[in-house]
Structures are given as structure tokens and as C-alpha cells.
Amino acid sequence: MRDCEHGIMSTDIIPRAERSIMKIKQVKNLKLKSRLLTAFLIITALPIFLITVSVGTIMRLQSNSIQETYDVKSDTIKLLSNPLQILSRLTRGVYNEIVITAARSPEKFEDEEYIDYLNHELKDKFSYLVLRKGEEYIYSGNEENLDNIKGYFPQYGEYTTDMEGGIYIDIKNPFLLKQLDFHFTDGAEGSIFVITAVDTLVPQIKSSAIQMVCSLFFVVILTAGVLIIWIYQSILRPLNTLHAATNAMKEGNLDYSIEGDPEDEIGQLCVDFEEMRIRLKELIEVRLKYEEDTKELISNISHDLKTPITAIKGYAEGIMDGVADTAEKRSKYIKTIYTKANDMSALVDELSFYSKIDFNTMPYTFTSINLHDYFSDCIEELTLDLEVKNIEIRYTNETDAGLKVSADAEQLKRVINNIIGNSVKYIGNKKGLIKIEILDIGEYVKVSIEDNGQGISSRDLPFIFDRFYRADTSRNSTKGGTGLGLAIAKKIIQDHTGSIWAESEEGKGTTIYFTLKKCKEDTEHE
Ligand code: ADP
């Protein structure tokens, strides 16, 4: 029952704001986090992956090329991580042959043809042969260089098995040295040296390094590019859209609409911005309408007051100037002045009442009203008045006897009086009939008030609930209408959460309908 007794009208502004805040809260936490995580992964994982792939590919290619160039077979990693191994392996085949020859037939080392053959074999592998007998160098594959390097050669017996892979001599032109000691057939101590120039490998390693640096640059640029595109797509683009929308709004364009994905923060910001734009536009439209209405209201009031004032002035002058020269005329003039003053007073009363309800400053007292009792009393009151005016009233109430509606009894009476007042006004002098019917339509009851008056043209019908609207100004001026009666009725019914509308046929009559909300307990009984 308490539900019926308060009449606070809720607007949808607060729930809408709350909904927006809740929406923001729901999506706030996740997206930026996941985006940062993705950025972190892109920055770290992508370069690692790409560097691994490109370095791996380069190493494989280099290894293949080394294998092809130097005829060395080994793992890529091993080859590139230990270039000395490459140098050592280069000459392994020839060196093994030398070892076998030294063991089995050392006399071959005195055969120049054989030595040339060995040296020739080594040439392809960037190496050459040096042969020492005692202290004397009896053969060198590279005569010019011998003097520069021979000082670094180990003495007979100094080269041990630990040095099997060769020893690296780090001078200006570094080289790898492999030595084998043996005895010539005459018993003399002999050493055979296999010299490999290290410089030969440098171009290969250099090109590997350049390729790796290039691939590193490429990977970094690619990662940065991917990140920049991604950031642009997901952050900068919506921000740019927002920026454009803000500028448009700054310049007064409130029709610039934007879209956003409510699933991420910036998208949500766009959605909120869009809501704000719509709200602002609505507020400005309301404001403009209000200003327009105020201008119209002032012009209507001045016009409506001016007409009776002019009449009052005219009749008063008529009396003062002696135009009303008979007692009968004077009495007629005074009556007219009285009627016009009454009209003015009614207009001022209606205006002040209308401004009160229009500004929502009218306090309603909502109570639970028994529909049958309320309308029976109303009809009883009206019947007396209407009988005098030759108008019959027919009342039917199809609702349950105990049905109650939530309404302000006094204001509801004002609605009924305004509608019936119009019926009376527009029935004219003919035999009038007003039918009042009440129907139960579920959550609401529908009240219809039908008359057999002059009706309203279809041109005027949509506007009769607008304030100051009078279907035919000249005609109504004789009937003393203010054009506020139905506007007031509409506002009161709306404040009761009901609706009001009209149907009419010119020459046949008009029906005004309005709905009233049932009390909650009555609705529950349905
Ligand atoms: P008014 O004070 O001029 O009657 P209302 O707001 O009550 O102002 O009505 C607006 C206009 O609607 C009236 O001027 C009249 O032209 C038309 N109207 C309202 N009710 C009726 C009716 N029952 N029959 C014919 N015309 C009507």
C-alpha cells in the first residue's frame, strides 16, 4: 500500500550515470594489464625468437659455406664457436698421411716430388709445408714468409701430443702450426711443419658477424614496427577519434558521433564520451526548447491579457464618455467589464497553476482512492450542473467495486473538470450527452469521457494538449478558453505515471481518454 502513497517521480538520469560507472568498473581492471603483458611479451619474446631463428639460419648457412670451402665436417655450433678447430681440421687429412709416412717410409720425405705433392694438397686448405732437417730448413711451401715465422717453430721433441690440434702462434699474421718429428733414413732429426694462415678465415667470420648484426637490426626494427602498429591500432587510433570528436564538440558540433569497443578502456572512454555527447545534446535541445517556450509563453500571455484589457478599457471609456447613456446600457457595459475581468482572473489563476506544475513545484498528495466511490461522488456533483445546461450524463464503471487507484484526489478532479468543462463548452446549445466509462486494463484503469459536441479537426487534434493551443482562435475567443486546460490535464496525468490522448470526429464529438495506475495490491490480485 505504501507504494501508492508517495508520488516522487524518478528520472532516468541517475540510473544511467550509475550504469556507466558500473560498466567502467567492470572492464577497468583487465584490459590495460593484458595489453601491457602482451607488449612485454612482444618486446621480449619476439626478438628472442627472431634472433634465434635468424642467427640459427646464418650459422647454418655459414657452416655450410665453411664446410664447402674448407671441406670440414662438424656441428655448426662447434665450428663457429671454435674457429681453431676449423683450421686444425682443414689439414687433418694431409697431417694423418704425414704421420703414416713418417712411421712407415720416412725416406719419402727426401723425395721432392712427394713433398711437392703434400704441399700442393695443403695449398687448397690455405696451408703449406715446411721441412727441417737438423737445424736446416730444407723445404718451404712459402719461402718469403719462412724467415718471419721460423723463429716460432718448436725444437725437435718440443711438440707434444697435447698439441695435436696444432699450436696457435699469435703474431702479426697469426698461424696455426702442426709439427711431426721423425728421423730421416740417415738418422738425422727431422721435423715437418704444417702451417695454416689464420687470416684466411677472417673474411668468413667477418661476413658472419656483419650478417648477425644486420639480422639483429632487422629484428629490432621489426619488433619496434610491430609494436608501433599495434599501439597505433589499439591506443592512438581511438585517441585520435576522441580528439577529433572533442574538437568538433568544442566548435559546437554536437552531431559528431563516435563508436568504441566497450571491452577496453579507451573504447569505453569513447562510449562514455558518446553518451556524454548525447546527454549534452539533449540538455541543449531541452534548453533551447525551454527558451523557445518561454518566448512563446510571454507572447501568449501578453496577447491573452491584452484582449480583455482592451475590452475593459473600451467599455470603461464608453461609460466615462457617456456613450452608455442609458441605465440599461451602463449595466450591460459594467457586466461585460465584470465578465472580462473574470476571464482575466481565470487566465491568471490557470497560468500560475500551470507554471507551478510545469516547474514541478506543485506538491502532490498521492493517496489510495476507491475508484467507484470517487467517480460516483464526481458524477453526482456534475449531474446537477449539467442538467441545468441540458446535458445528460451516462456513467458506466466496469471495474471491481473495491478497486483503488493511486492519485491526488484534488488534482484528478481538476483533470475531470477541465475535460468535462471543454465538453460543455463545445457541445453548444444542442441537447448534450456526456458518456463516462471506466475499464480495467490490467496495471491501469482507462477512463474515457465522450461528448457529442462539435468535435476537433484532424489538423488540430495532435496539438490540443499543447499549452495555449486553441483549435480555432476566433471561435474559442467567444467561448473564453485559455488553451491551458488540456495542457494542465496532460501534465497532471503524466505526473500520475498515466497517459492521456484524444479521439475526435468533426461534427460528431470528442472522446478524451486517460489512464490511472492501480494500487499495487489491486494489480497483484489480477
Ligand atoms: P481551452 O481553454 O481553449 O478549451 P484546452 O487546452 O482545454 O483549451 O483545449 C485546447 C483546444 O482543444 C480547445 O481550444 C478546443 O479547440 C479543443 N477542444 C478541447 N476539448 C474539446 C472538445 N470536447 N470538443 C471540441 N474541441 C475541444
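Because the structure is a prediction, the values reported are computed rather than measured.

Structural notes on the pattern of salt bridges
1) Next: One pass over the full model with this rule turns up 15 salt bridges.
2) Next: Its salt-bridge partner being K133, residue E110 comes within 3.8 Å of it at the nearest N-O pair. Note that E110 is positioned in the loop between α5 (92-104) and α6 (112-123) and K133 in strand β1 (residues 127-133), a separation of 23 residues in sequence.
3) Next: Its relative accessible area of 40% is what places E110 among the partly exposed residues.
4) Next: What makes K133 partly exposed here is its relative accessible area of 22%.
5) Next: In this structure, the salt-bridge partner of D358 is R467, at a minimum N-O distance of 3.5 Å. Placement of the pair is D358 in helix α10 (residues 327-358) and R467 in the loop between β10 (444-451) and α13 (473-479), with a sequence separation of 109 residues.

Some remarks on the environment of K178
1) Next: You can see K178 is positioned in strand β4 (residues 175-183).
2) Next: Taking the C-alpha atoms as reference points, K178 and F153, separated by 25 residues in sequence, lie 9.6 Å from one another.
3) Next: Reaching out from K178, the side chain makes a polar contact with the side chain of T91 at a distance of 3.1 Å.

Things to note about the side chain of T91
1) Next: For T91, the position within the fold is in the loop between α4 (83-90) and α5.
2) Next: Taking relative accessible area as the criterion, T91 reaches 1% and is therefore assigned buried.
3) Next: Filtering out sequence-adjacent residues up to four positions away, T91 remains in contact with L122, S127, K178, V194 and T196.

As for the packing of aromatic side chains
Aromatic ring pairs: the centre-centre distance and the angle between the two ring planes describe each pair.
1) Next: A complete count under the given rule lists 14 aromatic pairs for this structure.
2) Next: A centroid spacing of 5.9 Å and a plane angle of 65° characterise the contact between Y137 and F153, whose relative ring orientation is edge-to-face. Placement of Y137 in strand β2 (residues 136-140) and of F153 in the loop between α7 (143-149) and β3 (167-169) is noted, with a sequence separation of 16 residues between them.
3) Next: Residue classification places F153 among the buried positions, given a relative accessible area of 4%.
4) Next: An aromatic cluster is defined as three or more aromatic residues linked by ring pairs; in this entry it consists of F109, Y114, Y117, F182 and F184.
5) Next: Positioned above the aromatic ring of F184, the side-chain terminus of K133 is 4.7 Å from the ring centre.
6) Next: The lysine or arginine in question, R414, covers the ring of F353, its NZ or CZ lying 3.6 Å from the ring centre.

Some points on the packing of helix α9 (residues 265-320) against α10
Each pair of packed helices gets described by two things: the angle between the helix axes and the distance between those axes.
1) Next: Viewed as axis vectors pointing N to C, α9 and α10 meet at an angle of 165°, and their least axial separation amounts to 9 Å. Taken together, α9 and α10 sit at an angle that is classed as roughly antiparallel. The element α9 and its partner α10 pack so that their crossing is left-handed. Here L297, I301, D304, L305, P308, I309, A311, I312, Y315, A316, G318 and I319 of α9 come into contact with α10, specifically with R330, Y333, I334, T336, I337, K340, A341, M344, L347, V348 and L351.

Side note on a negative patch on the surface
1) Next: Together, D111, E112, E113 and D116 make up a negatively charged patch on the protein surface.
2) Next: You can see E113 is positioned in helix α6.
3) Next: Of the residues examined, E113 reaches a relative accessible area of 66% and is grouped as exposed.

Some thoughts on the environment of G314
1) Next: Relative to the elements of secondary structure, G314 occurs in helix α9.
2) Next: Residue classification places G314 among the partly exposed residues on the basis of a relative accessible area of 36%.
3) Next: It is 9.3 Å that separates the C-alpha atoms of G314 and Y333, two residues lying 19 residues apart in sequence.

Conventions adopted
- Residues numbered from 1 in each chain as written.
- Predicted model: local features only at pLDDT ≥ 70, side-chain atom pairs only at ≥ 80, totals over all residues.
- Heavy atoms only, no water.
- Salt bridge = Lys/Arg side-chain N within 4 Å of Asp/Glu carboxyl O.
- Helix = DSSP H or I, 4+ residues; strand = E, 2+ residues; numbered from the N terminus.
- Buried < 20%, exposed > 50% of the residue type's maximum accessible area, 1.4 Å probe, protein only.
- Polar contact = N/O pair within 3.5 Å; in protein donor to acceptor, adjacent residues only side chain to side chain.
- Contact = heavy atoms within 4.5 Å.
- Phe/Tyr/Trp six-rings, centres within 6.5 Å; stacked < 30°, edge-to-face > 60°.
- Lys NZ or Arg CZ within 6 Å of the ring centre and 35° of its normal.
- Axes fitted to C-alpha atoms, helices over the stretch in contact; angles between N-to-C directions.
- Parallel < 35°, antiparallel > 145°, perpendicular 65-115°, else oblique.
- Left-handed = near helix turned anticlockwise from the far one by under 90°.
- Patch = residues over 30% accessible without salt bridge, like charges linked within 9 Å, V, L, I, M, F, W, Y side chains within 5 Å.
- Areas by Shrake-Rupley, 256 points an atom, 1.4 Å probe, with all protein chains shown as cover.
- Lys, Arg positive; Asp, Glu negative; His and termini not counted.
- Charge placed at Lys NZ, Arg CZ, Asp CG, Glu CD.

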